[in-house]
Amino acid sequence: MPFAHVDYIDFDSLLTDDEKLVRRTARQFVEAEVIPIIEKHNREGSFPRHLVPKLAELGFFGASLKGYGCAGMSNVEYGLVMQELERGDSGLRSFVSVQSALVMYPIYAYGNDAQKDQWLPKLQKGEAIGCFGLTEPQFGSNPGGMLTRATRKGDRYILNGEKMWITSGSIADVAVIWAKTEDGVIRGFLVEKGTPGFKAWDVHGKWSLRASVTSGLAMTDCEIPAANLLPGVEGLKGPLGCLTQARYGIGWGATGAAMACYDAALQYAKQRKQFAGKPIASHQLVQEKLAWMITEISKAQLLAWQVGRLKDAGKADFSKVSMLKMNNVWMALECARKSRDILGANGIVDDYCVMRHMMNLESVYTYEGTHDIHKLIIGDKITGIPAYA
Amino acid sequence: MNIVVCVKQVPAKDAPLAIPEGAAWIRETDIGFELNEPDGYALEEALRLKEKHGGEVVAVSMGPERSKQAIKEALAKGAERGVHISDDKFYELDPLGSARCLAAAIKREKFDLVLTGLQSDDHGFGQTGVLLAELLGLPHATIIMQIDAADGRLKLKRELEAGWFQWVELPLPAVLSIQSGINKPRYATLKGIMAAKKKEIATLTRAELGVTVSPTQRIERIYVPKKTKKTEILTGTAKEAAAKLVEKLKHEARVL
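Conventions we followed
Per chain, the residues get numbers from 1 upward, laid out in the order the sequence is written. Chains and ligands are labelled sequentially in the order written, the chains with letters from A and the ligands with numbers from 1. With the structure being a predicted model, the display of local features is reserved for residues of pLDDT at least 70 and the display and counting of side-chain atom pairs for 80 or more, all residues being used for whole-chain, interface and lining totals. Each side-chain value is derived from all of the structure's non-hydrogen atoms; neither hydrogens nor water enter the calculation. Each domain's extent is set by a domain assignment, obtained either automatically or from a database. Residue contacts follow a heavy-atom distance rule, with two residues in contact if any of their heavy atoms lie within 4.5 Å. Put simply, buried area is how much 1.4 Å-probe accessible surface two parts lose in total, over both of them, once they are put together. Under the DSSP-based scheme used, a helix requires at least four consecutive residues in state H or I and a strand at least two consecutive residues in state E, with every element numbered from the N terminus. When a carboxyl oxygen of Asp or Glu is within 4 Å of a side-chain nitrogen of Lys or Arg, the pair counts as a salt bridge. Relative accessibility thresholds used throughout: buried, under 20% of the residue-type maximum; exposed, over 50%; partly exposed, between the two (1.4 Å probe, protein chains only). Among the buried residues, those of types Ala, Val, Leu, Ile, Met, Phe, Trp, Tyr and Cys that are joined through side-chain atoms within 4.5 Å form a nonpolar core. Pairing of aromatic side chains here covers Phe, Tyr and the six-membered ring of Trp, requires ring centres within 6.5 Å, and sorts the geometry by plane angle: under 30 degrees stacked, over 60 edge-to-face, intermediate tilted. The rule for a charge over a ring is simple: NZ of Lys or CZ of Arg within 6 Å of the ring centre, and within 35 degrees of the ring normal. Two strands form a pair only when DSSP identifies at least two bridges running between them. Note on geometry: axes are C-alpha line fits, over the in-contact stretch for helices, and angles between N-to-C directions span 0 to 180 degrees.

**Student:** Where do I start with the domain arrangement of chain A in this structure?
**Tutor:** Quoted interface sizes are often the accessible area lost when the parts come together. Residues and elements named next belong to chain A. Taken domain by domain, chain A comprises domain 1 (11–125), domain 2 (130–228) and domain 3 (237–383). Using only C-alpha atoms to locate each centre, domain 1 and domain 3 end up separated by 20 Å. With 29 residues of domain 1 at the interface, the matching set in domain 3 holds 34 residues. Summing both sides of the interface, domain 1 and domain 3 together bury roughly 2600 Å²; the carbon and sulfur share of this comes to 57%.

Pasting the structure below:
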């Protein structure tokens, strides 16, 4: 049975015609191009790279940016695209998130005209792929402690350091690398593929996000032109500003993964018969799980929608996005686990999407600010006392 | 080549349908709607003909306010303009009434070709295109699988039954009902959706069109077919039972 639209509370009445049209495009694309191939890619651990030109043509890269061939979508429209893509697969959504929010956005927001002209049209068309290097082997939740250094030498910068858990790292044509300059200030640099001293390798043995590329990056006396420095931002607020964009998309995306799991569980429960030939959907304990899921999905939709509207009005600071990311990813992971339970043994095989989503969501729960770190961001916001240190 | 394409908005394929007691139509308040899939093929064909021969594509739809969404989808995919025949009682119309309204609106346009889908996914009458051609006084062909246009004439491939096709020729202007599957409809790109915001949708009412219609047919009742199971035991010896089974397969099931 194909995926059936999930909307318990007439959420659609909150959306404009254009927003529904954007969702329809993304859903049709996922149904036709992603669902038929995704289990194979997940099983093989391969990124469906052939989808990149199609994603570009539909306008999914940098969809909420203006100019440079970008569509100039509202935040809710962008969010709905993320929801539909992650209904397909979190790895695919991650790829689009990184390209849009972590590569195109910093060039757009912090870059100079030459950098924007050089990279944004290519990234929008999918002719170039980007990656974002912030996390390091020793510094995850505390990126401010990063060890990567950029030393000025005439009209060059020399980068040294290591980045880890980098989506699209080994396939990227350009990497946005965050490094500390000699004065200890974090700055962003554009490092092109093939630059001597820059190496990328893939992380193997992942049981999550198997349809996306995850890499490590190493820079050893990696010399880049000083013109590759992103001039528009200094300090941790640079990378964190990008992460706010990406986390916003994740909040919507996770809702899509939850919808996929819920739909699979609901369809299965209505059709699977046990005890006196009755569908398991007639059992109270199964209904409890389904009711829990649709309630949490509905709440998550409303949270995503409200943060999107606030973002469009320029009123969504990072602490609101933290609540969205934290709640919706947790909710999605719980839905995946409950759905796996409802599907019984069938839940562990890739005839169904549920286990794949569950394994993917374990990454999503941790990346872009762990679940717990987002709690601390909210805690800081409401008490005024930062508890990170 | 100026092309009018008729698009209808129908309940979404995955909408949970509810039929109120004794009602002649489904409850529409809590379901989603989408572009009628067969009309999507007609739209795609119209866009391809325009891209090849120039001109414009005008999407015409009839129905309540929400049906503008079908026009917007057409505009997002590349149609130039939309015409919305605003009608809250659209569902009371039979195919002849629908065709009369559409014909009145289309007569106001300068067009070379009118395309419709083969049928709608909700009512499924499959008559509106044929009636529209009759009312416009134009030649018409159905179940179109290929359109070759040259020198003011159309060479058309029609799908017949049992794997047979037929080639026919028509002069322009003409009305065609497009077979589903003739092409692979494009997606509405995000840029297309943004561009569509600036495109014009003209609104007309039945009164403005001067069309009065009295239904020639009406729906009495709709219902979900009841699933029934009937088992018949064929008696007699194995030979007799086999002979009866062959009879039944020949004359009742008609599979032999």
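**Student:** It is not clear to me how the side chain of A:Ser298 should be interpreted in this structure. Could you clarify?
**Tutor:** Along the chain, A:Ser298 falls in helix H7 (residues 284–312). Discounting residues that sit within four places of it in the chain, A:Ser298 has contacts with A:Tyr8 and A:Ile9.

**Student:** Mind showing me how you'd approach the pattern of salt bridges here?
**Tutor:** Where side chains of opposite charge bring their charged atoms close, a pairing between them can arise. Taken as a whole and judged by the stated rule, the model has 44 salt bridges over all chains. The partner of A:Arg24 in a salt bridge is B:Glu34, and the shortest N-O contact between them spans 3.3 Å. Here B:Glu34 lies in strand S3 (residues 33–35) and A:Arg24 lies in helix H1 (residues 17–44), a pairing that spans two chains. Under the relative-accessibility criterion, A:Arg24 is labelled buried at 19%.

**Student:** I tried to follow unusual backbone geometry on my own but got confused; where do I start?
**Tutor:** Glycine aside, negative phi is the norm for most residues, and most peptide bonds take the trans geometry. Omega for the bond connecting B:Leu172 with B:Pro173 falls within 30 degrees of zero, at -5°, which places this linkage in the cis form. Examined against the element boundaries, B:Pro173 turns out to sit in the loop between strand S9 (165–171) and strand S10 (174–178). One non-glycine residue, A:Glu368, lies in the positive phi region at around 60°. In this fold, A:Glu368 is placed in the loop between helix H9 (354–366) and helix H10 (371–383). Backbone geometry places B:Ile143, a non-glycine residue, at a positive phi of 50°. Positionally, B:Ile143 belongs in strand S7 (residues 140–150). Judged by relative accessible area, B:Ile143 falls into the partly exposed class, the value being 24%.

**Student:** For this particular structure, what's the right way to read the nonpolar core?
**Tutor:** Side chains of nonpolar character tend, in soluble globular proteins, to be buried together. A:Phe29, A:Phe60, A:Leu85, A:Trp178, B:Leu115 and B:Leu176 are the most contacted members of the largest nonpolar core, which has 106 residues in total. Looking at this core element by element, the count peaks at eleven residues for helix H4 (residues 90–110) of chain A. Not counting chain neighbours up to four residues away, the residues in contact with B:Leu115 comprise B:Ile3, B:Val4, B:Val5, B:Cys6, B:Ala42, B:Glu45, B:Ala46, B:Leu49, B:Ile147, B:Leu176 and B:Ile178. Ranked by size, the runner-up nonpolar core spans 37 residues in total, among them A:Leu290, A:Met293, A:Ile297 and A:Cys353.

**Student:** I keep staring at the packing of aromatic side chains and nothing clicks. Help me out?
**Tutor:** Inspection of every chain in the model, using the stated rule, returns twelve aromatic pairs over all chains. Arranged with centres 5.9 Å apart and planes meeting at 80°, the rings of A:Phe29 and A:Phe60 form a pair that is edge-to-face. Of this pair, A:Phe29 sits in helix H1 while A:Phe60 sits in the loop between helix H2 (52–58) and strand S1 (66–67), and the two are 31 residues apart along the sequence. Neither A:Phe29 nor A:Phe60 differs from the other in exposure class; each is buried. With a centroid separation of 5.9 Å and an interplanar angle of 70°, the aromatic rings of A:Phe61 and A:Phe95 are classed as edge-to-face. Separated by 34 residues along the polypeptide, A:Phe61 in the loop between H2 and S1 and A:Phe95 in helix H4 bring together distant segments of the chain. Here the aromatic residues A:Tyr105, A:Tyr110, A:Phe132 and A:Trp178 are joined through ring pairs into a cluster of three or more. Across the ring face of B:Phe33, the terminal group of B:Arg66 is positioned such that the distance to the ring centre comes to 3.6 Å.

**Student:** Hey, could you run me through the sheet that holds strand S5 (residues 81–86) of chain B in this one?
**Tutor:** Backbone hydrogen bonds hold the strands of a sheet together, and the pairing may be parallel or antiparallel. All names here are of chain B. Pairing is mixed in the open sheet, where nine strands are placed in the order S9-S8-S7-S10-S6-S1-S4-S5-S11. Each of the sheet's edge strands pairs with one partner strand only, and the pair in question is S9 and strand S11 (201–205). Averaged over all pairs of adjacent strands, the angle between their axes in this sheet comes to 30°, without regard to strand direction. Pairing of S7 with S10, which is carried by three bridges, proceeds in the parallel orientation. Along S10, the bridge assignment pairs Ile144 with Ile178. Along the sheet, helix H1 (residues 37–53) makes contact with strand S1 (3–6), strand S4 (57–63), strand S6 (113–117), S7 and S10, crossing S6 at roughly 150°.

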